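Listed below are the residues making up each chain.
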Amino acid sequence: MKKIVSIRKGEEFEACIKKGRFAAEEKIVVYSLKNGLEYSRLGVSMSSKLGKATARNRFKRIVKAWYLENFDRIKKGFDIVILARKTKEEKIKAREIYLKNYRDELERAFKRLRLFKEE
């Protein structure tokens, strides 16, 4: 069964960001850190400086949708934090956030961090 286990505590986000490896793309940054568990945990965040609540929630939904699509390819035993990056001066609008805009960047970042199983 596919189920996303979320990172909920701020300390866990901070530990992954400070101690883990990262891959930065134009619109996102992905951090990963081994967690010693039999499953991976996912944390998704977008600063309120980047967009309103609807945009932040939509970003989280599309990242989680991509994660579920690729669930079987992703290695177990990692904490993964995905952060949105500011790309232009104004805030990101919810209607401008689409999975197709983030799919390639997520794919590249996960490959660079070697988070996919060997195929």
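See above for the structure.
Not measured: the values here are computed from a predicted model. (Residues numbered from 1 in each chain as written. Predicted model: local features only at pLDDT ≥ 70, side-chain atom pairs only at ≥ 80, totals over all residues. Heavy atoms only, no water.)

J.: What exactly am I supposed to notice about unusual backbone geometry here?
T.: The phi angle at arginine 114 is positive, at roughly 55 degrees, despite the residue not being glycine. Counting through the fold element by element, arginine 114 comes out in the segment after α3 (99-112). (Helix = DSSP H or I, 4+ residues; strand = E, 2+ residues; numbered from the N terminus.)

J.: Which parts of the structure should I look at to understand α3?
T.: Helical geometry note: an α-helix holds 3.6 residues per turn, so side chains three or four residues apart project in the same direction. Here α3 contains 14 residues, and its C-alpha end-to-end distance of 20 Å stays within 8% of the 20 Å for a straight helix at 1.5 Å per residue. When α3 is considered as a whole, its buried residues turn out to be Leu99, Tyr102, Glu105, Leu106, Glu107, Ala109 and Phe110. (Expected span 1.5 Å × (residues − 1). Buried < 20%, exposed > 50% of the residue type's maximum accessible area, 1.4 Å probe, protein only.)

J.: Can you walk me through the sheet that holds strand β3 (residues 28-34) in this structure?
T.: Backbone hydrogen bonds are what pair the strands of a sheet, in a parallel or an antiparallel way. In space, the five strands of this open sheet follow the order β1-β4-β5-β3-β2, with mixed pairing throughout. Whereas interior strands pair on both sides, the edge strands pair on one side only; in this sheet they are β1 (5-6) and β2 (21-24). Where β3 meets strand β5 (residues 78-84), seven bridges bridge the pair, whose relative direction is antiparallel. Paired with serine 32 across the strands is isoleucine 80, a residue of β5. Against the sheet, helix α1 (residues 10-19) makes contact with β2, β3, β4 (41-45) and β5, and its axis sits at roughly 95 degrees relative to β3, the strand it touches most. Across the sheet, α3 touches β2, β3 and β5, and the angle it forms with β3 is around 35 degrees. (Pairing = 2+ DSSP bridges. Contact = heavy atoms within 4.5 Å. Axes fitted to C-alpha atoms, helices over the stretch in contact; angles between N-to-C directions.)

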